[in-house]
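Chain and residue survey
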Amino acid sequence: MADSSNLKSDAIMEQMKQHLATDAGKQITKKIGLVYQIHIAPKKLGFDEVVYAVDLKKGEVTKGPYEGGKPDASFSFKDEDFVKVALGKMNPQIAFMRGAMKIKGSLSAAQKFTPDIFPKPSKL
């Protein structure tokens, strides 16, 4: 496991965890109802990745692989690219086409993974 203490993504995941507990977050959970697994690498995809499970069935974000079976879709990002997508500075489709994001699993589930599911950043 990588030393993830310097990933910018950790702050976003923490905000997302809190966001899903709010009424707005519960609406997202109800609307999407899918489970995503996100692999975030500090520098290079596939190396020293930190894994998060974003469960939009239960409204939970946990560090580590998804425990309840297979996620609907898995994404791999470099830390800086994940931050850009989460903040709405990079379109997820563009990220995928440029190779900044890799997807495994259901593409229809992956298409519901949009910046709308992230809390609006106050300050990062």
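Everything quoted here is computed from the prediction, not taken from an experiment. (Residues numbered from 1 in each chain as written. Predicted model: local features only at pLDDT ≥ 70, side-chain atom pairs only at ≥ 80, totals over all residues. Heavy atoms only, no water.)

With that settled, the discussion passes to a nonpolar patch on the surface. On the surface, Ile94, Phe96 and Met97 cluster together to form a nonpolar patch covering roughly 310 Å² of accessible area. Relative accessible area serves as the criterion here: at 35%, Ile94 is assigned to the partly exposed category. (Patch = residues over 30% accessible without salt bridge, like charges linked within 9 Å, V, L, I, M, F, W, Y side chains within 5 Å. Areas by Shrake-Rupley, 256 points an atom, 1.4 Å probe, with all protein chains shown as cover. Salt bridge = Lys/Arg side-chain N within 4 Å of Asp/Glu carboxyl O. Buried < 20%, exposed > 50% of the residue type's maximum accessible area, 1.4 Å probe, protein only.)

It is worth spelling out the packing of helix H1 (residues 9-20) against helix H3 (residues 79-86) at this point. For the pair H1 and H3, the least separation of the axes is 9 Å and the interaxial angle reads 40°. With respect to H3, the axis of H1 lies oblique. Within the contact between the two elements, H1 uses Ser9, Ile12 and Met13 and H3 uses Asp79, Phe82, Val83 and Ala86. (Axes fitted to C-alpha atoms, helices over the stretch in contact; angles between N-to-C directions. Helix = DSSP H or I, 4+ residues; strand = E, 2+ residues; numbered from the N terminus. Parallel < 35°, antiparallel > 145°, perpendicular 65-115°, else oblique. Contact = heavy atoms within 4.5 Å.)

Turning next to H3. Judged by how many residues are buried, H3 sits mostly within the fold: six of eight residues are covered. Buried residues of H3: Asp79, Asp81, Phe82, Val83, Val85 and Ala86, and no others. Structurally, H3 contributes buried residues whose contacts are with H1, strand S1 (35-41), strand S4 (73-78) and helix H4 (92-98). Just downstream of H3 lies Gly88, where phi reads positive at about 80°.

All right, on to the pattern of salt bridges then. Overall, the coordinates contain one salt bridge when judged by the stated rule. Here Glu14 ties to Lys17 by a salt bridge, and the two come within 3.8 Å at their closest N and O atoms. Of this pair, Glu14 and Lys17 both sit in helix H1, three residues apart, which is roughly one turn of the helix.

Core analysis: the largest hydrophobic core is formed by 32 residues, its most contacted members being Met13, Tyr36, Ile38, Phe75, Phe82 and Phe113. Contributing elements (two or more residues each) for this core: H1, helix H2 (23-32), S1, strand S2 (50-55), S4, H3 and helix H5 (107-110). Not counting residues up to four positions away in its chain, the partners in contact with Phe82 are Ser9, Ile12, Met13, Ile38, Ile40, Phe77, Phe113 and Phe118. (Core = buried A, V, L, I, M, F, W, Y, C linked by side-chain atoms within 4.5 Å.)

Attention now moves to H2. Turning to H2, its buried residues are Gly25, Ile28, Thr29 and Ile32. Taken end-on, H2 shows its buried residues confined to a sector of 100°, consistent with a single buried face. Exposed and facing more than 90 degrees away from the buried side of H2 are Asp23, Gln27, Lys30 and Lys31. The elements touched by buried residues of H2 are H1 and S1. Phi turns positive one or two residues past the end of H2, at Gly33, with a value near 60°. (Arc of directions from axis to C-beta.)

Everything listed is a geometric property; what it means functionally is a separate question.
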